[in-house]
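Listed below are the residues making up each chain.
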Amino acid sequence: MSSQDIPEENLPAERGSVHGAVDVADEKHPFADPGLPPHEHRIQDIDERAAKRSERAVALMFTVSMLATVAFIAAFVVLPVDEAVYVWPLGHISALNLALGLTLGLALFCIGAGAVHWARTLMSDVEIADERHPIEASPEVRAKVHADFRQGAKESALGRRKLIRNTMFGALTLVPLSGIVLLRDLGPLPEEKLRHTLWKKGQLLVNMNTNEPLRPSDVAVGSLTFAKPEGLEEHDHEFQNEIAKAALMIVRLQPGDIKDKRELEWSHEGIVAYSKICTHVGCPISLYEQQTHHVLCPCHQSTFDLSDGARVIFGPAGHALPQLRIGVNDEGYLEALGDFEEPVGPAFWERG
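Residues numbered from 1 in each chain as written. Predicted model: local features only at pLDDT ≥ 70, side-chain atom pairs only at ≥ 80, totals over all residues. Heavy atoms only, no water.

*Asks:* Help me out: how do you make sense of the pairing of strand S6 (residues 271-275) in this one?
*Replies:* For a regular strand, the rule is simple: side chains alternate between the two faces of the sheet. With five of five residues buried, S6 lies mostly within the body of the structure. Both strand S5 (residues 248-252) and S6 contribute to a ladder of five bridges, which runs antiparallel. Among the inter-strand pairings, Arg-252 is bridged to a residue of S6, identified as Ile-271. (Buried < 20%, exposed > 50% of the residue type's maximum accessible area, 1.4 Å probe, protein only. Helix = DSSP H or I, 4+ residues; strand = E, 2+ residues; numbered from the N terminus. Pairing = 2+ DSSP bridges.)

*Asks:* Could you clarify how one ought to interpret the UniProt feature "transmembrane region" (unreviewed entry) in the protein in this entry?
*Replies:* UniProt marks residues 58-81, 93-116 and 163-183 with the feature "transmembrane region" (unreviewed entry), using the numbering shown here. As a span, residues 163-183 carries 95% helix and 0% strand, and end to end its C-alpha atoms are 32 Å apart. (UniProt positions renumbered as here; feature names shortened; annotations may be inferred.)

*Asks:* I tried to follow the nonpolar core on my own but got confused; where do I start?
*Replies:* In globular proteins that are soluble, nonpolar side chains generally tend to be buried together. Formed by 17 residues in total, the largest nonpolar core has its most connected members in Met-249, Tyr-274, Ile-285, Val-295, Phe-304, Leu-306 and Leu-321. Secondary-structure elements contributing two or more residues to this core are S5 and S6. Once residues within four sequence positions are removed from consideration, Ile-285 is found in contact with Phe-226, Met-249, Lys-276, Cys-278, Val-295, Leu-296, Cys-297, Pro-298, Phe-304 and Leu-321. Grouped together as the second largest cluster of nonpolar side chains are 16 residues, Ala-227, Leu-248, Ile-326 and Leu-334 included. (Core = buried A, V, L, I, M, F, W, Y, C linked by side-chain atoms within 4.5 Å. Contact = heavy atoms within 4.5 Å.)

*Asks:* Which parts of the structure should I look at to understand the confidence of the model for the protein?
*Replies:* Regions with low pLDDT carry predicted coordinates that are not meant to be interpreted in detail. Predicted confidence across the protein gives a mean pLDDT of 85, with 89% of residues reaching 70 or more. Overall, residues 1-20 carries pLDDT values under 50, and its contacts beyond four positions in sequence, including any with other chains, amount to 31 contacts. (pLDDT = per-residue confidence, 0-100.)

*Asks:* In this structure, what is going on with the environment of Gly-318? I would like to understand it.
*Replies:* Along the chain, Gly-318 turns up in the loop between strand S10 (311-314) and strand S11 (323-324). What makes Gly-318 exposed here is its relative accessible area of 57%. Spatially, the C-alpha atom of Gly-318 lies 8.7 Å from that of Pro-346, the residues being 28 residues apart in sequence.

*Asks:* Would you mind going over the packing of helix H2 (residues 48-78) against helix H5 (residues 162-182) with me for this structure?
*Replies:* Any two packed helices are characterised by how steeply their axes cross, that is the angle between the axes, and by the distance between the axes. For the pair H2 and H5, interaxial distance at closest approach is 8 Å and the crossing angle is 20°. In terms of orientation, H2 and H5 fall into the roughly parallel class. As H2 runs across H5, the sense of the crossing is left-handed. Split into classes, the residues belonging to the contact of H2 with H5 amount to 17 nonpolar, six polar and two charged. (Axes fitted to C-alpha atoms, helices over the stretch in contact; angles between N-to-C directions. Parallel < 35°, antiparallel > 145°, perpendicular 65-115°, else oblique. Left-handed = near helix turned anticlockwise from the far one by under 90°. Nonpolar A, V, L, I, M, F, W, Y, C, P; charged D, E, K, R; others polar.)

*Asks:* What am I meant to see in the sheet that holds S6 here?
*Replies:* Whether parallel or antiparallel, the strands of a sheet pair through hydrogen bonds between backbone atoms. The strand order S3-S4-S5-S6-S11 describes an open sheet built from five strands, whose pairing is antiparallel. Two strands lie at the open edges of the sheet, namely strand S3 (205-207) and S11, each paired on one side alone.

*Asks:* Honestly, the sheet that holds strand S7 (residues 287-289) in this entry has me stumped. Any pointers?
*Replies:* Taken in spatial order, the four strands of this open sheet run S7-S8-S9-S10, and their pairing is antiparallel. The open sheet is flanked by S7 and S10, the only strands paired with a single partner. Adjacent strand axes in the sheet meet at a mean angle of 30° when their direction is disregarded. As defined by bridge partners, strand S9 (residues 303-305) adjoins S10 across three bridges and the pair is classed as antiparallel. Its bridge partner lying in S10, Thr-303 is registered against Phe-314.

*Asks:* Which parts of the structure should I look at to understand the pattern of salt bridges?
*Replies:* Opposite charge on two side chains makes pairing possible when the charged atoms of those side chains draw close. Counting across every chain of the model gives 13 salt bridges. Among the salt bridges present, the one from Glu-341 reaches Arg-262, with a minimum N-O distance of 3.7 Å. You can see Glu-341 sitting in the loop between strand S13 (334-336) and helix H8 (348-351) and its partner Arg-262 sitting in helix H7 (residues 261-265), a full 79 residues away along the chain. Relative accessible area serves as the criterion here: at 57%, Glu-341 is assigned to the exposed category. Note that Arg-311 and Asp-308 form a salt bridge whose closest N and O atoms lie 2.5 Å from each other. Relative accessible area serves as the criterion here: at 40%, Arg-311 is assigned to the partly exposed category. Connected via shared salt-bridge partners are Glu-48, Lys-52, Glu-55 and Arg-161. (Salt bridge = Lys/Arg side-chain N within 4 Å of Asp/Glu carboxyl O.)

*Asks:* Teacher, can you tell me more about H2 here?
*Replies:* An α-helix turns once every 3.6 residues. As a result, residues three or four positions apart point the same way. Under the 1.5 Å per step criterion, the end-to-end length of H2 is 44 Å for 31 residues, consistent within 8% with the ideal 45 Å. Sitting at the amino-terminal end of H2 is Asp-47, which places a side-chain oxygen 3.0 Å from the backbone nitrogen of Arg-49. (Expected span 1.5 Å × (residues − 1). Polar contact = N/O pair within 3.5 Å; in protein donor to acceptor, adjacent residues only side chain to side chain.)

*Asks:* Help me out: how do you make sense of the state of the cysteines in this one?
*Replies:* By definition, a disulfide is the covalent link that joins the sulfur atoms of two cysteine residues. What the rule picks out here adds up to one disulfide. At a sulfur-sulfur separation of 2.1 Å, the disulfide partner of Cys-283 is Cys-299. A torsion of -105° about the S-S bond marks the disulfide between Cys-283 and Cys-299 as left-handed. Note that Cys-283 is positioned in the loop between S6 and S7 and Cys-299 in the loop between strand S8 (294-296) and S9, a separation of 16 residues in sequence. A relative accessible area of 12% means that Cys-283 is categorised as buried. Between Cys-278, a cysteine without a disulfide, and Cys-297, which holds the nearest cysteine sulfur, the sulfur-to-sulfur distance is 3.9 Å. Residue Cys-297 is classed as buried on the basis of its relative accessible area, which comes to 2%. (Disulfide = S-S within 2.5 Å.)

Laid out in structure tokens, this is it:
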């Protein structure tokens, strides 16, 4: 098609004076500007029933997106983490991950597909030629851009097509909920869990090696014994989490060697029970100096004096080891008389 065959109303004005554009090729300007082809109307532009069908299709996609978002949240709440399903050819995969991926993907896809279908069938598709000159826009150009934007907003029919507008807003409002729900997967809320352990009044002290309740006669002077709460077994699902807070070390001192008054009151015949978890970075304390009554953390050499309230005498630990108050029950077994009064482990004072 030559430039002469294009209707005059479709040609940009004053083309010959801009960037050397000309209507007819010549020796100086070998390429002519063909201009824009005549605009062809879509069926939605001339048939309101077709426009309504497109509107309903777009609204359906946005509605499906909303339902998929709701399904995403429901799957996150209902499906167990450890459930697996067989999907050919992938094999056994997590049912939760599969459900979350499909529902979130469907929600995002339907928003995108709905927006594309809306733009292709209902928004104005008239091409506008706009000559580009210096980057800085003149007041006239800025006014024209604002006018074009307002015109485009008007032609998008956002105000007139209320069904599309409302369902789009609904889909865009619900989709971010997927990300908010995922924050729940960062882990359970700590609540009061950092402040308490399994130890409580009447809980027997069980030897970690023999798995038998301890009697005072089982703890010799100068020995180091590790204990756990009665009922906590290694095959329990929460064993690692609970033993990390409840692990106990038991040492028997001569009552006359105990300097701290409260430590003496909370002991039984010189038997003292302290948390095994170092207050520096949580390493298990396992080294005991019988002559000095010091215990050392093997990770960074924090040293605690068990004869003086387990206070820190060396190393990076910032807090003394929490002591567990103990006694003897009617059957002669060592038992706890409550929980630790101070939280065990490291950095609680910074995060708790």
